[in-house]
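What follows is each chain in one-letter form.
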Amino acid sequence: MQTSDFSNYYAFGRCSTGGYKFTSDKDWGATFNLGLGEETTPAEGWAVAGTLVNGSSNNIMPAETGLYWHHVNLPELTFESYLVTTLGVIGDCTPGGWDASTALTPSADGLVWEGDVEFGASGSFKIRANDNWAVNLGGTLDNLWQDGANINTPGAGVKHVVLDLSVYPYTLTIQ
């Protein structure tokens, strides 16, 4: 998970309708084993939200299996999970400018996304989810970050883009 303030943590994760929890280790005896306290009404665009209780036996139950972007606030013990159905490249160096993403295609597990993108000779771009700005990645190709800085164009032409969300830091390879 990524954090810039050690209060708010963010990460992609593949979740199933069987439920999930947030833990500090891959063990149910972890220091933090955060299960659902009570479900709350999520903010617009978010799939599920609620309070967390350390040691709770209640799993968080999403409505559908898929790739989620998670936000956990540890001091407040709250969470929001956002179902990611699309990821795309957007920017003033792409055909759609800052108005339309060029869609990437997911792997079977939804953790690697790729596609061919036409880039211009100048400008910058980002990766965004679901054709809106709730989840957008920028920064550097070897360390993508939520709300990170725009990334400079790799140069004019059609390039093959591979976004890897399977390990952190998230990376983008352009060939």
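Residues numbered from 1 in each chain as written. Predicted model: local features only at pLDDT ≥ 70, side-chain atom pairs only at ≥ 80, totals over all residues. Heavy atoms only, no water.

> I would appreciate a short explanation of the side chain of Asn8 in the present structure.
For Asn8, the position within the fold is in strand β1 (residues 8-15). In this structure Asn8 comes out as buried when scored by relative accessible area, which is 15%. Polar side-chain contacts of Asn8 include one of 2.7 Å to the side chain of His71. (Helix = DSSP H or I, 4+ residues; strand = E, 2+ residues; numbered from the N terminus. Buried < 20%, exposed > 50% of the residue type's maximum accessible area, 1.4 Å probe, protein only. Polar contact = N/O pair within 3.5 Å; in protein donor to acceptor, adjacent residues only side chain to side chain.)

> Got a minute to help me understand the sheet that holds strand β15 (residues 157-164) in this structure?
Two orientations exist for strands paired in a sheet by backbone hydrogen bonds: parallel and antiparallel. Reading across the sheet, the four strands line up as β9-β10-β15-β16 and stay open at both edges, with antiparallel pairing between neighbours. With one partner strand each, in any of the chains shown, β9 (105-106) and β16 (171-174) form the two edges of the open sheet. Note: strand β10 (residues 112-119) against β15, eight bridges, orientation antiparallel. In the strand pairing of β15, Gly115 is matched with Val161. (Pairing = 2+ DSSP bridges.)

> Sorry if this is basic, but what is going on with the pairing of strand β6 (residues 78-84) here?
On any regular strand, side chains alternate: one points to one face of the sheet, the next to the other face. Counting buried residues in β6 gives five out of seven residues, a clear majority hidden from the surface. Judged from the four bridges that link them, strand β4 (residues 48-54) and β6 form a sheet pairing that is antiparallel. When the sheet's bridge partners are listed, Gly50 is paired in β6 with Phe79. Both strand β5 (residues 66-73) and β6 contribute to a ladder of seven bridges, which runs antiparallel. For Tyr68, the partnering residue across the bridge sits in β6 and is Leu83. Following β5, the chain reverses through four residues before pairing antiparallel with β6; Leu77 in that reversal takes a positive phi of roughly 50°.

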